[in-house]
Each structure stands twice: as C-alpha cells, then as structure tokens.
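Topology and contacts: notes
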Amino acid sequence: MRAKKASTMSAIALTVLIAGCSSGNGTSSTTSPAPAVKESTPAAATATPAPKKVTITAQSFKADQKEKNDQLDQRIARFKTKFPTVDFKKDDWQYNPLEIGIKMASNSAPTEYTTYATEGKVLVDKKWVADITDSMSSWSHAKDMNDLLSKPFVVNGKTYGVPIDGYVMTITLNKKLFKDKGVDLPPMDWTWDDLLAAARKINDPAKGIAGFIPMGKGPEAGWNWTNFLYAAGGDVQKLDNGKVVGVFNSDAGLQALEFYKKLKDENLIPQNWALGYGDALNAFAQGRGAMVMCGSGNAADTAINEGGISKDDLVVYPMPSFTKGGKHTGVLGGNYRVINPKSDKDQQEMAFKWITDEYFTDDFLNSTKKEIEDRKGKNRVYIPQPINYWKDSSDFGKKYTDLLTKYDNVFKYDPQLLALWDGKPEAQYEAQKYYTEMANVIQKVFTTKDVDLKKALSEAATKVQTETFDKVKVE
C-alpha cells in the first residue's frame with residue numbers, strides 16, 4: 001500500500017577511459033635463390049567504432065516538484081560524465097494501473113518507470129516489463145540485494161524489477177502507556193491472544209485511550225486486515241488455469257474477521273474507528289492508542305517528530321502469529337524500478353545501468369549522514385528503514401549500520417524484529433479493489449452488533465470475483 005521513500009542517492013563521478021586499438025604492419029621477405037615473391041600488402045588498420053548513441057526516457061516529476069526535478073537533472077549530469085553517449089528525455093507520467101495498458105499499447109511509456117509491489121505479477125504476465133535477469137546476474141552487487149524485498153518482482157526464477165524501498169507490516173507500541181498502567185510489554189514473539197491481552201490492560205475509553213488502533217476507513221482498512229488473513233495461513237487469490245480466483249473466503253479469513261469483531265465487541269479500538277492512514281498515525285502520536293499497525297518506520301516517525309514522544313518510549317514489533325511458534329507474517333510492499341520491454345536491447349541495458357548507477361555508493365552514506373546531522377540540529381530523530389534494498393550482512397550494509405551507531409538521534413529497532421518477521425507480498429491482481437471491498441466488510445463488523453461474518457465474507461468474495469477478478473486477463 002504505502003512505503004516511505006528512500007533518501008535520494010548520489011553517485012561518485014568516474015572517469016571513463018576509452019582505449020583505441022591499433023594494428024601493426026608487416027612485410028613478407030624472400031630468401032635467395034627462391035623465386036621472387038610479391039610483397040604482401042600491409043593490413044588495413046581496424047577502425048575503432050564510434051560509441052553508439054543511446055536515448056532513454058527517464059521518469060521525472062510534475063513541474064511543481066521543482067526540487068525533485070533539480071535533483072534528477074543533477075543525477076543525469078553525473079551519469080553522463082560516465083556515459084557521455086547517452087541522451088535523456090524526461091516524462092513526468094507516474095505509474096497508474098488504469099493507464100499502463102494504454103501507455104504500452106501506444107508505445108508511449110518511459111524507458112524506465114517506478115511501480116509498486118502489488119503490480120509485479122500482472123506486469124510480468126501482460127509483458128509490460130522487461131526481463132532483466134541477465135543484467136542483474138552480471139551486476140557486481142547482485143549478491144548484495146535483499147532477497148525478501150526483491151521477491152515481488154522475481155517471477156518463475158526471472159528478475160523483472162529492482163527494489164527502491166520497501167516495508168513489512170509491523171505494529172508500533174507506546175511503551176510509556178504500558179509503564180503508566182504498570183503493564184509488562186508482551187513478548188516480541190507474540191500471538192493474537194497476546195495482543196488482545198495487552199490491549200485489554202491498556203485500554204482506557206474514559207481517558208480516550210484505545211488498546212489498539214486499526215485503520216477502518218478506505219483501502220487502508222482492507223490492507224491492515226490482510227495481515228491477519230496472512231498470519232492465519234490464508235491468501236487473497238490464486239491462479240487457476242489462467243484465471244484469478246479469490247481465496248480469502250476461507251477459514252483463515254473468517255478467523256481474521258472474528259479477531260476484528262473481538263476488538264470491537266470489547267471496545268478496544270477508538271470510538272471514532274473510521275480512521276485513514278494519516279488519521280491512525282496521528283491518533284497514536286497523540287497518545288490516544290497503545291498500538292498501531294503500519295508499514296516501515298512511519299508510525300515511529302510521526303509519533304517522535306510530530307507527536308513529541310521520546311524515541312525510547314517506542315518499540316516496533318512484528319505482526320503477531322496466529323498461534324505460538326507460528327510465522328509472524330505481514331504484508332510486504334514497496335516501490336520498484338522496471339524497464340519498458342518495448343525499448344530496444346541497447347536502451348534496456350543502459351536503463352538498467354541508469355537505475356542501479358547510484359546504488360551501494362558512499363555518496364548515499366554521506367547523504368544519510370547529512371540528514372541525520374541536519375535532524376540533530378533541529379532536535380529531530382532519524383528513523384531508518386527496517387528493511388532496505390541491500391542485505392544487512394553485505395559490506396555496504398555493515399557500513400550503513402556502523403554509521404547509524406555513531407549518532408544518538410537515530411531510532412533503533414530491536415534485533416528480534418528482523419529475526420522474527422516474515423514478509424508475504426501483496427496480492428498481485430487488483431489488490432486495491434480487493435482492499436476497498438474488504439474495508440466495507442470491516443465497517444460492517446465495526447457497526448453491526450450481530451453481523452453474520454460468514455455471510456459478509458462470502459458476499460464480499462462473490463462481489464470481488466465477479467466484478468474484478470473475473471475480468472482480469474492473464475496472458
């Protein structure tokens with residue numbers, strides 16, 4: 001659904017050395033008394049072919065986003081110092097699942113563009129993204145990429161996209177509210193029952209404090225709920241003979257709805273539960289709830305830098321498992337760079353270099369350092385992403401970790417979080433429409449006392465299937 005954007009990366013300017021080839025000339029000699037032999041003609045010098053001009057169209061930003069466009073121009077200039085034969089055009093079109101088909105049919109999509117995790121399978125199936133497996137395999141940093149974050153764009157063993165940033169859904173806890181109530185924090189390896197028990201102890205409607213803050217308005221509500229569907233072992237959809245079939249009307253789906261019903265029946269959620277993404281994060285930042293569900297570190301960022309909550313009073317947990325010892329599965333999402341398959345081979349190869357040029361650079365570390373120091377000067381805290389495009393165990397990952405440890409205004413994640421969480425990619429086909437329909441079901445659960453959960457889930461599944469999934473053409 002949402003992912004916090006990574007910081008703009010800078011590149012180190014490299015000198016491009018172009019070596020010319022020369023060919024030597026030779027003559028054949030004769031030896032007396034053999035008959036004379038005609039002297040051979042010197043071989044013609046092999047001309048060095050001129051570097052091939054390549055033009056790629058890079059995705060830019062709308063005219064009113066001057067700062068981002070200025071940064072893009074600077075990046076293009078840096079890239080051209082290394083690849084002077086590349087010409088750039090810019091296109092401010094931003095990915096839209098309702099427009100991509102038209103862009104591809106009219107051959108007007110940029111050479112490279114940014115999309116998100118939900119789109120991986122559908123873009124591959126419709127042949128709207130290029131296979132970059134060979135480029136990725138020959139890239140020196142291929143082994144350093146985060147396998148979990150790369151997963152949504154690895155289809156049938158082939159790679160179709162490069163992750164920019166990403167998230168696995170988590171739950172952020174306000175430790176101060178627990179302390180004020182004299183309640184111990186639940187174990188990091190927690191379950192649904194542990195979450196309910198903690199919410200019951202912290203919940204204080206008279207003071208306007210909810211035990212747990214779910215998102216209940218718009219697609220965000222369905223996005224939140226899907227984490228519990230996944231944790232219970234369920235899924236959203238599957239492919240059956242080329243058709244998209246919804247599978248969320250299942251025992252796992254029913255168990256996830258029953259969990260939400262308990263939250264409502266026991267009054268553990270805000271009285272005004274119709275909260276969108278920003279509403280839920282703001283309520284948590286204002287101390288009106290002990291726990292909130294969110295991707296990446298956005299909940300902590302809002303609470304600390306906007307709500308004034310101490311970074312030491314917050315802790316980020318993985319999604320709770322359905323049963324003790326089960327997987328802590330959360331929705332995996334993010335942003336990805338992909339290449340237009342209608343561009344020619346030279347354009348595709350250059351686009352891959354353009355996309356990855358400033359990955360794994362010291363300039364990225366320096367820009368992170370500058371941001372941390374700028375925030376420190378403003379008495380603000382830097383919230384790193386808990387998951388990045390690189391592996392933490394890579395040399396670059398170690399440098400990044402070492403940098404963060406040098407500052408006291410950096411939010412730290414419990415190492416158990418990264419050891420426990422499990423990411424499952426968002427549904428690949430029409431995820432947003434599915435989320436929207438599930439939001440309607442959740443609102444029924446929150447408003448109807450004796451709602452028939454099985455019926456509500458079944459009706460939603462039928463509607464999504466007939467109005468959305470049945471219309472998906474998998475090619």
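Notes on the structure in this doc start here. (Residues numbered from 1 in each chain as written. Predicted model: local features only at pLDDT ≥ 70, side-chain atom pairs only at ≥ 80, totals over all residues. Heavy atoms only, no water.)

**What about the packing of helix H7 (residues 192-202) against helix H9 (residues 251-265)?**
In a packed pair of helices, the relevant descriptors are the angle between the two axes and the axis-to-axis distance. Between H7 and H9, the least distance of the axes is 11 Å, while the angle of their chain directions is 10°. Our classification of the angle between H7 and H9 gives roughly parallel. Along its contact with H7, which presents Trp 192, Leu 195 and Leu 196, the element H9 presents Gln 255, Ala 256, Phe 259, Lys 262 and Leu 263. Of the residues in the contact of H7 with H9, the class split is six nonpolar, one polar and one charged. (Axes fitted to C-alpha atoms, helices over the stretch in contact; angles between N-to-C directions. Helix = DSSP H or I, 4+ residues; strand = E, 2+ residues; numbered from the N terminus. Parallel < 35°, antiparallel > 145°, perpendicular 65-115°, else oblique. Contact = heavy atoms within 4.5 Å. Nonpolar A, V, L, I, M, F, W, Y, C, P; charged D, E, K, R; others polar.)

**Describing helix H13 (residues 362-377)**
In a regular helix each residue adds 1.5 Å, so 16 residues correspond to 22 Å; H13 covers 23 Å between its end C-alpha atoms and thus fits that length. The set of residues buried in H13 consists of Phe 364, Leu 365, Thr 368, Ile 372 and Arg 375. On an axial view of H13, the arc spanned by its buried residues comes to 100°, and they lie on one face. Away from its buried face, by an angle of more than 90 degrees, H13 presents the exposed residues Lys 370 and Gly 377. Looking at the buried positions of H13, the neighbouring elements they touch are helix H11 (298-306) and helix H14 (395-404). Asn 379, located one to two residues past H13, shows a positive phi value of around 60°. (Expected span 1.5 Å × (residues − 1). Buried < 20%, exposed > 50% of the residue type's maximum accessible area, 1.4 Å probe, protein only. Arc of directions from axis to C-beta.)

**Brief notes about the pattern of salt bridges**
Close approach of charged atoms allows side chains of opposite charge to pair. Across all of its chains, the model carries 27 salt bridges by this definition. Between Asp 70 and Lys 66 there is a salt bridge, with the nearest N and O atoms lying 2.9 Å from each other. Of this pair, Asp 70 and Lys 66 both sit in helix H1 (residues 66-82), four residues apart, which is roughly one turn of the helix. For the salt bridge of Glu 358 with Arg 78, the shortest nitrogen-to-oxygen distance reads 2.9 Å. Linking Glu 358 in the loop between helix H12 (345-356) and H13 with Arg 78 in helix H1, this pair joins segments that are 280 residues apart in sequence. (Salt bridge = Lys/Arg side-chain N within 4 Å of Asp/Glu carboxyl O.)

**What to know about the sheet that holds strand E10 (residues 291-294)**
Read across the open sheet, the three strands follow the order E10-E7-E11; overall the sheet is antiparallel. Strands with a single pairing partner mark the edges of an open sheet, and in this sheet they are E10 and strand E11 (314-318). On average, each strand axis in the sheet is tilted by 30° relative to the strand beside it, whichever way the strands run. Here four bridges tie strand E7 (residues 170-174) to E10, and the two strands are oriented antiparallel to one another. For Leu 173, the partnering residue across the bridge sits in E10 and is Met 291. (Pairing = 2+ DSSP bridges.)

**Quick look at the environment of Tyr 400**
With respect to the secondary-structure elements, Tyr 400 resides in helix H14. For Tyr 400, a relative accessible area of 6% corresponds to the buried category. It is 9.5 Å that separates the C-alpha atoms of Tyr 400 and Lys 369, two residues lying 31 residues apart in sequence. The residues contacting Tyr 400, other than those within four sequence positions of it, are Phe 364, Leu 365, Thr 368, Tyr 382, Pro 384, Gln 385, Asn 388 and Trp 390.

**Re the packing of helix H8 (residues 219-231) against helix H16 (residues 431-447)**
H16 packs onto H8 with a crossing angle of 90° between their chain directions and a minimal axis gap of 7 Å. Accordingly, the angle class assigned to the pair H8 and H16 is roughly perpendicular. Touching Pro 219, Ala 221, Gly 222, Trp 223, Trp 225, Thr 226 and Leu 229 of H8 are Gln 432, Tyr 434, Tyr 435, Thr 436, Met 438, Ala 439 and Ile 442, all from H16.

**A short note on the nonpolar core**
Ranked by internal contacts, the top residues of the largest apolar core, which has 144 residues, are Tyr 113, Trp 225, Phe 248, Tyr 260 and Met 291. Here this core gathers at least three residues from each of two domains, domain 1 (54-166 + 333-404) and domain 2 (167-332 + 426-471). Setting aside residues no more than four positions away along its own chain, Phe 248 makes contact with Leu 229, Asp 235, Val 236, Gly 253, Tyr 434, Met 438, Leu 457, Ala 460, Ala 461, Val 464 and Phe 469. (Core = buried A, V, L, I, M, F, W, Y, C linked by side-chain atoms within 4.5 Å. Domains from an automatic or database assignment.)

**Observations regarding the packing of aromatic side chains**
Taken as a whole, this structure holds 34 aromatic pairs when the rule is applied. Across from the ring centre of Trp 354, 3.8 Å away, lies the NZ or CZ of Arg 75, which sits over that ring. A cation over an aromatic ring shows up here: Lys 424 above the ring of Tyr 230, its NZ or CZ 5.2 Å from the ring centre. (Phe/Tyr/Trp six-rings, centres within 6.5 Å; stacked < 30°, edge-to-face > 60°. Lys NZ or Arg CZ within 6 Å of the ring centre and 35° of its normal.)

**Looking at the environment of Ser 150**
Locating Ser 150 in the fold gives a position in helix H5 (residues 147-150). By relative accessible area, which is 14% here, Ser 150 ends up buried. Ser 150 sits 12 residues away from Val 162 along the chain, and the two C-alpha atoms are 6.9 Å apart.

**Concerning the pairing of strand E13 (residues 421-425)**
Only one face of E13 is buried, namely the one carrying Trp 421, Gly 423 and Pro 425, since none of Asp 422 and Lys 424 on the opposite face is buried. Sheet analysis places strand E12 (residues 328-339) next to E13, joined by five bridges and oriented parallel. Among the inter-strand pairings, Leu 332 is bridged to a residue of E13, identified as Pro 425.

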